[in-house]
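Single-letter residue listing:
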Amino acid sequence: MKQILDGVLYLHDNGIIHRDLNPSNLLLNDEIEVKIGGFGLATKIQYENLYFMAPETIIKREEEHDFEVDVWSLGCILYTLLVGKSPFETNSFRETCERIKRCDYKIPTEIKAPAANLINSMLLPDPKKRPTVDQIIRSDFFNGYIPSKLPVSCLTDEPKPKYFDYMASSESDSSGSDSAGSDSELDYSRDMAALGYYSKGAKDTEDSSE
(Lines give C-alpha, C1' and ligand atoms only; values in the text may rest on other atoms or scores of the structure.)
Protein backbone atom coordinates (compact mmCIF):
# COMPACT_ATOMS: atom_id res chain seq x y z
CA MET A 1 0.00 0.00 0.00
CA LYS A 2 2.86 2.37 0.81
CA GLN A 3 4.29 1.91 -2.69
CA ILE A 4 0.89 2.75 -4.20
CA LEU A 5 0.72 5.92 -2.12
CA ASP A 6 4.24 6.93 -3.11
CA GLY A 7 3.34 6.47 -6.77
CA VAL A 8 0.13 8.51 -6.51
CA LEU A 9 1.95 11.22 -4.55
CA TYR A 10 4.44 11.49 -7.43
CA LEU A 11 1.56 11.85 -9.90
CA HIS A 12 -0.18 14.51 -7.83
CA ASP A 13 3.06 16.45 -7.34
CA ASN A 14 3.27 16.59 -11.13
CA GLY A 15 -0.32 17.74 -11.53
CA ILE A 16 -1.64 14.38 -12.76
CA ILE A 17 -4.92 12.88 -11.54
CA HIS A 18 -5.23 9.17 -12.32
CA ARG A 19 -9.04 8.93 -11.92
CA ASP A 20 -9.13 5.13 -12.33
CA LEU A 21 -7.16 3.68 -9.42
CA ASN A 22 -8.28 0.11 -8.75
CA PRO A 23 -6.59 -3.27 -8.17
CA SER A 24 -6.66 -4.18 -11.88
CA ASN A 25 -4.46 -1.15 -12.63
CA LEU A 26 -1.85 -2.07 -10.02
CA LEU A 27 0.94 -4.27 -11.37
CA LEU A 28 3.89 -6.08 -9.77
CA ASN A 29 7.30 -6.41 -11.41
CA ASP A 30 9.83 -9.18 -10.78
CA GLU A 31 11.14 -7.33 -7.72
CA ILE A 32 7.65 -7.22 -6.13
CA GLU A 33 7.45 -3.49 -6.74
CA VAL A 34 4.08 -1.90 -7.47
CA LYS A 35 3.66 -0.17 -10.83
CA ILE A 36 0.61 1.95 -11.57
CA GLY A 37 -1.01 1.47 -14.99
CA GLY A 38 -4.32 2.24 -16.69
CA PHE A 39 -3.84 5.92 -17.47
CA GLY A 40 -6.65 6.06 -20.02
CA LEU A 41 -8.76 8.36 -17.81
CA ALA A 42 -5.85 10.33 -16.36
CA THR A 43 -5.73 14.08 -16.76
CA LYS A 44 -3.14 16.78 -16.14
CA ILE A 45 -4.12 20.05 -14.52
CA GLN A 46 -3.02 22.95 -16.71
CA TYR A 47 -3.84 26.60 -16.28
CA GLU A 48 -1.62 28.19 -18.93
CA ASN A 49 -4.37 30.66 -19.94
CA LEU A 50 -5.71 31.24 -16.44
CA TYR A 51 -5.75 35.03 -16.86
CA PHE A 52 -8.31 34.74 -19.66
CA MET A 53 -10.64 32.12 -18.16
CA ALA A 54 -14.21 32.92 -17.12
CA PRO A 55 -15.04 32.09 -13.47
CA GLU A 56 -17.51 29.37 -14.44
CA THR A 57 -14.76 27.67 -16.46
CA ILE A 58 -12.41 27.66 -13.47
CA ILE A 59 -15.16 26.33 -11.16
CA LYS A 60 -16.03 23.59 -13.66
CA ARG A 61 -12.39 22.54 -13.95
CA GLU A 62 -12.00 22.39 -10.19
CA GLU A 63 -15.11 20.21 -9.93
CA GLU A 64 -14.09 17.86 -12.74
CA HIS A 65 -10.36 17.64 -12.04
CA ASP A 66 -9.90 16.83 -8.44
CA PHE A 67 -7.03 15.08 -6.65
CA GLU A 68 -9.52 13.90 -4.04
CA VAL A 69 -11.06 11.37 -6.46
CA ASP A 70 -7.78 9.44 -6.28
CA VAL A 71 -7.88 9.58 -2.47
CA TRP A 72 -11.36 8.03 -2.53
CA SER A 73 -10.10 5.21 -4.77
CA LEU A 74 -7.09 4.67 -2.48
CA GLY A 75 -9.49 4.38 0.46
CA CYS A 76 -11.42 1.68 -1.40
CA ILE A 77 -8.17 -0.13 -2.23
CA LEU A 78 -6.99 -0.03 1.40
CA TYR A 79 -10.39 -1.33 2.56
CA THR A 80 -10.22 -4.15 0.01
CA LEU A 81 -6.70 -5.17 1.06
CA LEU A 82 -7.70 -5.31 4.73
CA VAL A 83 -11.22 -6.75 4.51
CA GLY A 84 -11.12 -8.91 1.38
CA LYS A 85 -13.84 -7.17 -0.62
CA SER A 86 -14.59 -3.65 -1.79
CA PRO A 87 -16.52 -1.39 0.62
CA PHE A 88 -19.55 -0.85 -1.63
CA GLU A 89 -19.80 -4.29 -3.20
CA THR A 90 -23.31 -5.60 -3.95
CA ASN A 91 -24.92 -7.98 -6.45
CA SER A 92 -26.52 -5.08 -8.33
CA PHE A 93 -24.85 -2.31 -10.32
CA ARG A 94 -27.64 0.11 -9.39
CA GLU A 95 -27.46 -0.73 -5.69
CA THR A 96 -23.68 -0.34 -5.72
CA CYS A 97 -24.07 3.13 -7.24
CA GLU A 98 -26.68 4.04 -4.62
CA ARG A 99 -24.43 2.84 -1.80
CA ILE A 100 -21.55 4.92 -3.15
CA LYS A 101 -23.80 7.99 -3.36
CA ARG A 102 -24.94 7.43 0.23
CA CYS A 103 -21.40 6.58 1.32
CA ASP A 104 -22.95 3.45 2.81
CA TYR A 105 -20.30 0.98 3.98
CA LYS A 106 -19.34 -0.84 7.16
CA ILE A 107 -15.88 -1.54 8.55
CA PRO A 108 -15.60 -4.94 10.34
CA THR A 109 -14.93 -4.68 14.06
CA GLU A 110 -11.67 -6.64 13.75
CA ILE A 111 -10.12 -3.79 11.76
CA LYS A 112 -8.18 -1.72 14.29
CA ALA A 113 -8.79 1.98 14.96
CA PRO A 114 -5.80 3.44 13.03
CA ALA A 115 -6.88 1.64 9.84
CA ALA A 116 -10.60 2.30 10.37
CA ASN A 117 -10.05 6.00 11.07
CA LEU A 118 -7.89 6.37 7.98
CA ILE A 119 -10.41 4.64 5.73
CA ASN A 120 -13.25 6.75 7.13
CA SER A 121 -11.31 9.94 6.41
CA MET A 122 -10.52 8.84 2.85
CA LEU A 123 -14.15 7.94 2.10
CA LEU A 124 -15.76 11.16 3.27
CA PRO A 125 -18.59 12.38 1.00
CA ASP A 126 -17.16 15.92 0.94
CA PRO A 127 -13.98 15.65 -1.18
CA LYS A 128 -12.47 18.76 0.39
CA LYS A 129 -12.46 17.05 3.79
CA ARG A 130 -10.46 14.03 2.59
CA PRO A 131 -6.74 13.95 3.45
CA THR A 132 -4.04 14.49 0.87
CA VAL A 133 -1.83 11.57 -0.10
CA ASP A 134 1.00 13.08 1.93
CA GLN A 135 -1.26 13.25 4.99
CA ILE A 136 -2.25 9.62 4.46
CA ILE A 137 1.40 8.54 4.39
CA ARG A 138 1.98 10.42 7.68
CA SER A 139 -1.13 8.97 9.37
CA ASP A 140 -1.01 6.71 12.43
CA PHE A 141 -1.64 3.63 10.31
CA PHE A 142 1.65 4.08 8.44
CA ASN A 143 3.56 5.37 11.46
CA GLY A 144 5.79 2.39 12.09
CA TYR A 145 8.01 -0.16 10.43
CA ILE A 146 7.17 -0.95 6.80
CA PRO A 147 9.47 -3.37 4.92
CA SER A 148 11.36 -1.66 2.11
CA LYS A 149 11.45 -4.85 0.07
CA LEU A 150 9.41 -8.06 -0.08
CA PRO A 151 10.49 -11.59 -1.00
CA VAL A 152 9.12 -13.22 -4.16
CA SER A 153 7.76 -16.01 -1.95
CA CYS A 154 5.10 -13.61 -0.65
CA LEU A 155 3.21 -14.25 -3.90
CA THR A 156 2.50 -17.83 -2.84
CA ASP A 157 3.09 -18.01 0.92
CA GLU A 158 1.78 -15.71 3.62
CA PRO A 159 4.80 -14.22 5.47
CA LYS A 160 5.01 -14.76 9.19
CA PRO A 161 5.40 -11.85 11.63
CA LYS A 162 8.90 -13.12 12.49
CA TYR A 163 9.98 -12.29 8.92
CA PHE A 164 9.12 -8.63 9.49
CA ASP A 165 10.92 -8.62 12.84
CA TYR A 166 14.01 -9.98 11.09
CA MET A 167 13.77 -7.44 8.25
CA ALA A 168 13.21 -4.57 10.68
CA SER A 169 16.23 -5.61 12.71
CA SER A 170 18.39 -6.00 9.59
CA GLU A 171 17.38 -2.65 8.15
CA SER A 172 17.85 -0.83 11.46
CA ASP A 173 21.33 -2.37 11.78
CA SER A 174 22.31 -1.25 8.28
CA SER A 175 20.98 2.29 8.86
CA GLY A 176 22.42 2.60 12.36
CA SER A 177 18.97 3.11 13.85
CA ASP A 178 17.94 1.71 17.19
CA SER A 179 14.32 1.20 16.14
CA ALA A 180 13.05 -2.29 15.44
CA GLY A 181 9.88 -3.81 14.10
CA SER A 182 7.02 -4.97 16.27
CA ASP A 183 4.83 -8.04 15.95
CA SER A 184 1.83 -6.13 17.32
CA GLU A 185 -1.54 -6.68 15.68
CA LEU A 186 -1.41 -3.21 14.09
CA ASP A 187 2.04 -3.74 12.60
CA TYR A 188 1.02 -7.13 11.26
CA SER A 189 -2.14 -5.71 9.68
CA ARG A 190 -0.12 -2.89 8.12
CA ASP A 191 2.39 -5.35 6.74
CA MET A 192 -0.39 -7.47 5.26
CA ALA A 193 -1.84 -4.38 3.59
CA ALA A 194 1.60 -3.54 2.23
CA LEU A 195 1.74 -7.02 0.73
CA GLY A 196 -1.77 -7.06 -0.61
CA TYR A 197 -2.83 -9.84 1.75
CA TYR A 198 -6.22 -9.75 3.39
CA SER A 199 -5.55 -9.33 7.09
CA LYS A 200 -9.05 -10.11 8.33
CA GLY A 201 -7.83 -13.48 9.62
CA ALA A 202 -4.32 -12.37 10.47
CA LYS A 203 -4.69 -13.05 14.17
CA ASP A 204 -6.01 -16.54 13.54
CA THR A 205 -3.04 -17.23 11.27
CA GLU A 206 -0.66 -16.04 13.97
CA ASP A 207 -2.25 -18.26 16.58
CA SER A 208 -2.27 -21.35 14.38
CA SER A 209 1.42 -20.94 13.52
CA GLU A 210 2.57 -20.94 17.14
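Please refer to the structure higher up on the page.
Since we're looking at a predicted model, the values are computed, not measured.

**Remarks on the packing of helix 3 (residues 68–83) against helix 5 (residues 113–122)**
Okay, so step 1: The interhelical angle for the contact between helix 3 and helix 5, taken along N-to-C directions, is 150°, at an axis separation of 8 Å. Between helix 3 and helix 5, the interaxial angle falls into the category roughly antiparallel. By crossing handedness, the relation of helix 3 to helix 5 is classed as left-handed. Taken together, the residues of helix 5 that come into contact with helix 3 (itself represented by Val71, Trp72, Leu74, Gly75, Leu78, Tyr79 and Leu82) are Ala115, Leu118, Ile119 and Met122.
Okay, so step 2: Residues that form the contact of helix 3 with helix 5 fall into these classes: 10 nonpolar, one polar and no charged.

**So, the pattern of salt bridges**
Okay, so step 1: As enumerated under the stated definition, the model contains five salt bridges in all.
Okay, so step 2: For glutamate 95, the salt bridge goes to arginine 102, with nearest N and O atoms at 3.4 Å.
Okay, so step 3: Of the residues examined, glutamate 95 reaches a relative accessible area of 34% and is grouped as partly exposed.
Okay, so step 4: Judged by relative accessible area, arginine 102 falls into the partly exposed class, the value being 47%.
Okay, so step 5: Here arginine 102 makes a salt bridge to aspartate 104, at a shortest N to O gap of 3.1 Å.
Okay, so step 6: Each member of the salt-bridge network shares a partner with another, and the members are Glu95, Arg102 and Asp104.

**Some points on the nonpolar core**
Okay, so step 1: Counting 33 residues, the largest nonpolar core has Met1, Leu5, Leu74, Leu78, Leu82 and Phe142 as the members making the most contacts within it.
Okay, so step 2: Elements represented by at least two residues in this core include exactly helix 1 (2–13), helix 3, helix 5 and helix 6 (133–137).
Okay, so step 3: With sequence-adjacent residues up to four places away left out, leucine 5 is seen in contact with Leu74, Val133, Ile136, Ile137 and Phe142.

**Description of the environment of glutamate 110**
Okay, so step 1: When you line up the elements, glutamate 110 lands in the loop between helix 4 (93–102) and helix 5.
Okay, so step 2: The class of glutamate 110 is partly exposed, set by a relative accessible area of 33%.
Okay, so step 3: Measuring from C-alpha to C-alpha, the distance between glutamate 110 and leucine 82 comes to 9.9 Å, with 28 residues separating the pair along the chain.

**Overview of the state of the cysteines**
Two cysteines form a disulfide when their sulfur atoms are joined by a covalent bond.
Okay, so step 1: One pass over the structure, following the stated rule, counts zero disulfides.
Okay, so step 2: With no disulfide of its own, cysteine 103 has cysteine 76 as its nearest cysteine by sulfur position, at a separation of 8.8 Å.

Each value, and the rule that gives it
Each chain carries its own residue numbering, running from 1 in the written order of its sequence. With the structure being a predicted model, the display of local features is reserved for residues of pLDDT at least 70 and the display and counting of side-chain atom pairs for 80 or more, all residues being used for whole-chain, interface and lining totals. As a rule here, side-chain values come from all non-hydrogen atoms in the structure, and water together with hydrogens is ignored. Axis angles are defined between N-to-C directions and span 0 to 180 degrees, where every axis is a line fitted to C-alpha atoms and, for a helix, only to the segment in contact. Starting at the N terminus, helices and strands are each numbered in turn, a helix being any DSSP run of H or I of at least four residues and a strand any DSSP run of E of at least two. Roughly parallel here means an angle under 35 degrees, roughly antiparallel means over 145, roughly perpendicular means 65 to 115, and every remaining angle is called oblique. Handedness of a crossing is defined here by the sense of rotation of the near helix relative to the far one, left-handed for an anticlockwise turn of less than a right angle and right-handed for a clockwise turn. We call two residues in contact whenever any of their non-hydrogen atoms come within 4.5 Å of each other. Here the nonpolar group is Ala, Val, Leu, Ile, Met, Phe, Trp, Tyr, Cys and Pro; Asp, Glu, Lys and Arg are the charged ones; every other residue, Gly included, is treated as polar. Whenever a carboxyl oxygen of Asp or Glu lies within 4 Å of a side-chain nitrogen of Lys or Arg, that contact is scored as a salt bridge. The buried label goes to any residue with under 20% of its type's maximum accessible area, the exposed label to any with over 50%, and the partly exposed label to all in between, with areas taken from a 1.4 Å probe on protein chains only. Put simply, a nonpolar core is a bunch of buried Ala, Val, Leu, Ile, Met, Phe, Trp, Tyr and Cys residues held in one set by side-chain atoms that sit within 4.5 Å of each other. Counting rule for disulfides: a pair of cysteine sulfur atoms within 2.5 Å.

This is a description of form; function is not addressed.
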